[in-house]
Amino acid sequence: MNDVFTQMTNEMKSHLCTVILPFWLKREDDTYGGFTGYMDYDLVDDPKAVKGSILNSRILWFFSSVLKSVSEGRITEEDLKAGGVSSAQIREAADQAYCFLRDVIYDKTNGGLFWSVTYDGKPYDTTKHTYNQGFGIYGLAAYYEISGKKEALSIAEKLYQTIETHCCDKDGYGEAYACDFSPVSNEKLSENGVMAERTMNTLLHVYEGYAKLLEAEDNAEMKEKISGRLEFMLDIFLSKIYNPAKHRQEVFFDKNYNSLIDLHSYGHDIETAWLIRWGMEVLGKESKPVADMARDLSEEILNNCFDGASLPTEKERDKVNENRVWWVQAETVNGFLYEYLSSGEKKYLDAAEACWTYIKTKSIDKRKGSEWFWELDKDGKPIPGRPIVEEWKCPYHNGRMVLLALELVNKKIKAK
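Residues numbered from 1 in each chain as written. Predicted model: local features only at pLDDT ≥ 70, side-chain atom pairs only at ≥ 80, totals over all residues. Heavy atoms only, no water.

Caption draft 1: Representation of the packing of aromatic side chains in the model. For the coordinates displayed, the defined rule picks out 25 aromatic pairs. Here the aromatic residues Trp61, Trp115, Tyr131, Phe135, Tyr138, Trp392 and Tyr396 are joined through ring pairs into a cluster of three or more. Above the ring of Phe135, the side-chain terminus of Arg58 is found at 4.4 Å from the ring centroid. Directly above the aromatic system of Phe232 lies the positively charged group of Arg229, at a separation of 4.2 Å from the ring centroid. (Phe/Tyr/Trp six-rings, centres within 6.5 Å; stacked < 30°, edge-to-face > 60°. Lys NZ or Arg CZ within 6 Å of the ring centre and 35° of its normal.)

Caption draft 2: Expanded view of the layout of surface pockets. Size it by volume and the largest pocket reaches roughly 620 Å³. Elements represented by at least two residues in the lining of the largest pocket include exactly α7 (200–216), β12 (263–265), α9 (266–283) and α11 (326–343). Here the residues of the lining of the largest pocket sort into 10 nonpolar, eight polar and eight charged. Looking at the second largest pocket, it is lined by 21 residues, and the ones nearest its centre are Lys68, Lys212, Glu215, Trp278 and Glu407. Those elements that place two or more of their residues in the lining of the second largest pocket are α2 (53–71), α5 (130–147), α7, α9 and α13 (396–415). Here the element with the most residues in the lining of the second largest pocket is α13; it accounts for six residues. In terms of residue class, the lining of the second largest pocket is built from nine nonpolar, two polar and 10 charged. (1 Å grid on protein atoms, 1.4 Å probe; cavity = no way out; pocket = protein on both sides within 12 Å on 5 of 7 lines; lining within 4 Å. Points joined across faces, edges and corners; volume = space filled by probe spheres on them. Helix = DSSP H or I, 4+ residues; strand = E, 2+ residues; numbered from the N terminus. Nonpolar A, V, L, I, M, F, W, Y, C, P; charged D, E, K, R; others polar.)

Caption draft 3: Broad picture of the environment of Leu260. Positionally, Leu260 belongs in the loop between β11 (252–253) and β12. Classification of Leu260 as partly exposed rests on a relative accessible area of 33%. Considered as a pair, Leu260 and Asp171 are 89 residues apart in the sequence and their alpha carbons are 17 Å apart. When neighbours within four sequence positions are excluded, Leu260 is seen to be in contact with Val194, Met195, Ala196, Phe252, Phe253 and Asp254. (Buried < 20%, exposed > 50% of the residue type's maximum accessible area, 1.4 Å probe, protein only. Contact = heavy atoms within 4.5 Å.)

Caption draft 4: The arrangement of the sheet that holds strand β3 (residues 123–125) in detail. One open sheet holds the three strands; their spatial order is β1-β2-β3, and the pairing between them is antiparallel. Looking at strand neighbours, the two that pair on one side only are β1 (51–52) and β3, the edges of this open sheet. For strand β2 (residues 116–117) and β3, the ladder comprises two bridges, and the chain directions are antiparallel. Across the sheet, the residue bridging to Val117 is Pro123, located in β3. (Pairing = 2+ DSSP bridges.)

Caption draft 5: The arrangement of empty space enclosed by the protein in detail. Tallied over the entire structure, the rule returns two cavities of 30 Å³ or more. Its volume calculated, the largest cavity comes out at about 40 Å³. Looking at the largest cavity, the residues that line it are Tyr173, Arg198, Thr199, Leu203, Ile236, Ile241 and Tyr257. Broken down by secondary-structure element, the contributors of at least two residues to the lining of the largest cavity are β8 (198–199) and α8 (220–241). Among the residues forming the lining of the largest cavity, the class breakdown is five nonpolar, one polar and one charged. What the second largest cavity holds in volume is close to 30 Å³. Breaking the lining of the second largest cavity down by element, the ones donating at least two residues are β1 and α2. Looking at the lining of the second largest cavity residue by residue, the class counts come to three nonpolar, two polar and one charged.

Caption draft 6: How the structure looks around the packing of helix α4 (residues 87–105) against α5. At a minimum axis distance of 11 Å, the contact between α4 and α5 shows a crossing angle of 135°. Judged on the interaxial angle alone, α5 and α4 are oblique. In this structure, α4 meets α5 at a crossing whose hand is left-handed. For the pair α4 and α5, the contacting residues are Arg91, Ala94, Asp95, Tyr98 and Leu101 in the first and Gly136, Leu140, Tyr143, Ile146 and Ser147 in the second. Residue composition of the contact of α4 with α5, grouped by class: six nonpolar, two polar and two charged. (Axes fitted to C-alpha atoms, helices over the stretch in contact; angles between N-to-C directions. Parallel < 35°, antiparallel > 145°, perpendicular 65-115°, else oblique. Left-handed = near helix turned anticlockwise from the far one by under 90°.)

Caption draft 7: Examining the side chain of Ser310 more closely. Note on placement: Ser310 falls in the loop between α10 (288–304) and β13 (314–316). On the accessibility criterion, Ser310 (2% relative accessible area) is buried. Among the polar contacts listed, one links the side chain of Ser310 to the side chain of Arg324, at a separation of 3.0 Å. In this structure Ser310 touches Arg324, Gln329 and Tyr358, once residues within four positions along its chain are discounted. (Polar contact = N/O pair within 3.5 Å; in protein donor to acceptor, adjacent residues only side chain to side chain.)

Caption draft 8: How the structure looks around helix α1 (residues 3–25). The end-to-end C-alpha distance of α1 is 32 Å, a good match for the 33 Å that 23 residues give at a rise of 1.5 Å each. At Leu16, α1 shows its strongest bend, of approximately 40°. (Expected span 1.5 Å × (residues − 1). Bend = angle between axes of the 7 residues up to and from the residue.)

Caption draft 9: Region of interest: the nonpolar core. The biggest cluster of nonpolar side chains holds 140 residues, and the ones touching the most others in it are Phe63 and Tyr210. When near neighbours in sequence (up to four residues on either side) are disregarded, Tyr210 contacts Ile137, Tyr160, Ile163, Glu164, Tyr173, Ile226, Arg229, Leu230 and Met233. (Core = buried A, V, L, I, M, F, W, Y, C linked by side-chain atoms within 4.5 Å.)

Distances and angles like these do not, on their own, reveal function.
Structure (structure tokens):
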């Protein structure tokens, strides 16, 4: 075992137990349920902020996945104790996130998950976005794995059916819908001055949610259906999303998959590179075209985008956005570690270690009661005004970075 890999994962585990877990446990809303939805840059909580479905679903996935790591021995009660927390507290938090999704965010009349609710649990933004449904599945499947509650699996299966019934056509997946699933414009996942009818990002996270559901599913018929849809999505990635000439994915599309903008989203490419491979492992299949695509995306990021310590946000046409966003750094570590395990090439481990060092020194907010900064400038200075918690800022990317590293180092040990 490479000592660098072991040391890095031990440092990450300590950070998870002493910073990330305590921080997010304190976000529990014991009055109205779920988790508080906003903390500003100055670490002031807003107990009456809107509560987003994305935030809650990702929190559900996070606490459930930590418990799975505990149950499989990668995190111990002693590890947790260093941060003043216990697995019992984490289980209670997972239960709270589940109950809030089941009782408040899930629309029992029309099906699907609302985009957001008020602090006290009333529907706020009733948009039904495909992206949200995918993350609901992701969180519920992870919760089912550690709770065994068939009800959670049943809701995940209903969300799967909702997506397949209302959010897709013969060519792929749509984006935004009204409460009754009539199509609406896609402001929520369109950026950079375009309005997209299909996006790489939504496809990626429906794929992710389905792969997790397949991993948790115990019904043979459902497993066969989900597997077929995952293969359908892989075909879309290969034939419509991936641009081999530019060694990247396209990001925003019209309904016919015409790319709407010259944009290279660095973080999404390195995230896709490993998530695609993980999904293939869950499927139990190998595909050289998929593996080659994942490798090409990883190589392009390492050779032409990564600066040796951190990863900028994106490049639109010829202009690079040099800001360093929290989730992009976390997914950079994930992607490079996965590529290291896949290829055995040490340069990817070295790059992952360098990015982790950047995260330790720059991205993690050392102020008491905080977690990670949202965004830094090119020189590594925090950009004031960006919140510490909001609908998108949650423990999904940085928490997953730690949990994935622990899983991968364990896999490396077993392979020796």
